[in-house]
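Below are the chains, spelled out letter by letter.
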Amino acid sequence: MPIALLPDRALVHVTGPDAPALLQGVITCNVETLGEAEARLGALLTPQGKIQFDFLISRIPGGFRLDVASEQAAALAKRLTLYRLRAQVEIAVDPTVAIAASWDGATTAAEVDAVADARADGLGARLYAAVGAFSADAAEADYHAHRIALGVPEAGRDFPLGDAFPHEALMDQLGGVDFRKGCYVGQEVVSRMQHRGTARTRMLPATYPEGEAAAPGSEITAGAKVLGRTGSQAAGRSLAMLRLDRLADAFAAGEPLHADGKVLTVERPAFASFAMPDAAAG
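Residues numbered from 1 in each chain as written. Predicted model: local features only at pLDDT ≥ 70, side-chain atom pairs only at ≥ 80, totals over all residues. Heavy atoms only, no water.

Engineer: How would you explain the packing of aromatic side chains if you had to name every residue and give the values?
Structural biologist: Here the structure, examined in full by the defined rule, presents one aromatic pair. Look at Trp103 and Tyr143: their rings are 6.0 Å apart centre to centre, the planes differ by 55 degrees, and that puts the pair in the tilted class. A residue pair is termed long-range when its members are at least 10 positions apart, and Trp103 in the loop between strand E7 (97-102) and strand E8 (113-117) and Tyr143 in helix H3 (residues 140-150) qualify at 40 residues. The same class applies to Trp103 as to Tyr143, namely buried. (Phe/Tyr/Trp six-rings, centres within 6.5 Å; stacked < 30°, edge-to-face > 60°. Helix = DSSP H or I, 4+ residues; strand = E, 2+ residues; numbered from the N terminus. Buried < 20%, exposed > 50% of the residue type's maximum accessible area, 1.4 Å probe, protein only.)

Right under this line is the structure:
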């Protein structure tokens, strides 16, 4: 039953009486409906609707914690501070907490705050504890292999920040966007994509019949056309950002997909509901 420490993650605390209103008005997910033991995917977008920061948000006494890539924590805190204005909110990076992921029902006797990772069934839980409170029995790479196998992308590893729309990173499928809560930064663009069904690019899990996955960032081609690029990889699988219309053309022409000199196949994640081309129809 694995638990893996995630040293590449950090926490930004947003606390104070106006914290709920501040976050509700700027991030993609709904903090008003956030459960007490839930970590929900969310993002802060650019005004053009692209992902500037993505994170898991959960409740703490007096506010919220945002579980974000450590290299982005200070920048996220600074960006949120720009939106604070006169609100009674404190925003700070907390370096005293270690972050871990557990799955397959793993638990620890250490004093931790465990919250369910609500992105997808089977993903597991997030554990938060004082630095050094416990040791893990799995490697960070084991967690990413688990995440990749489920088809759950992560910014920086699978797509660059500032370049992807929430739909492309599957945030609409993973509970990271609330389409009914009202305005937030970038909301108009994201809502338009949702209602018009114009999301042509999606992140898909990929498998490699020969067992070795393509290097991250490899171009995915079919014939002479580029369909997208690979993301992170582990244990003979990877994630892949692909144009669905070009994927449909490849299926129709009977052209195999290649990346980094390797043949790959793609599928829709089990948690997803968007329409996807059918290889069997080609």
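Engineer: How would you summarise the sheet that holds strand E13 (residues 237-243) if you had to cite specific residues and measurements?
Structural biologist: Read once around its circumference, the closed barrel built from six strands follows the order E10-E13-E12-E11-E14-E15, with strand pairing classed as antiparallel. Averaged over all neighbouring strand pairs, the angle between strand axes comes to 40 degrees, with direction disregarded. Where strand E14 (residues 257-259) and strand E15 (residues 262-266) come together, three bridges link them in antiparallel fashion. The residue bridging Ala259 from the neighbouring strand is Lys262, located in E15. (Pairing = 2+ DSSP bridges. Axes fitted to C-alpha atoms, helices over the stretch in contact; angles between N-to-C directions.)

Engineer: I'd love a proper account of helix H4 (residues 187-196), names of residues and values included.
Structural biologist: Inspection of H4 places Val189, Val190, Ser191 and Met193 among the buried residues, and these make up the whole buried set. Contact partners of the buried residues in H4: strand E3 (38-45). Downstream of H4 by a residue or two, Gly197 has a phi angle that is positive, lying close to 65 degrees. (Contact = heavy atoms within 4.5 Å.)

Engineer: Go over the nonpolar core with me, naming the residues and quoting the values.
Structural biologist: Grouped together as the largest cluster of nonpolar side chains are 54 residues, with contacts concentrated most on Phe159, Leu247, Leu257, Leu264 and Val266. By size, the runner-up hydrophobic cluster in this structure holds 25 residues, among which are Ile27, Leu34, Ile57 and Val68. (Core = buried A, V, L, I, M, F, W, Y, C linked by side-chain atoms within 4.5 Å.)

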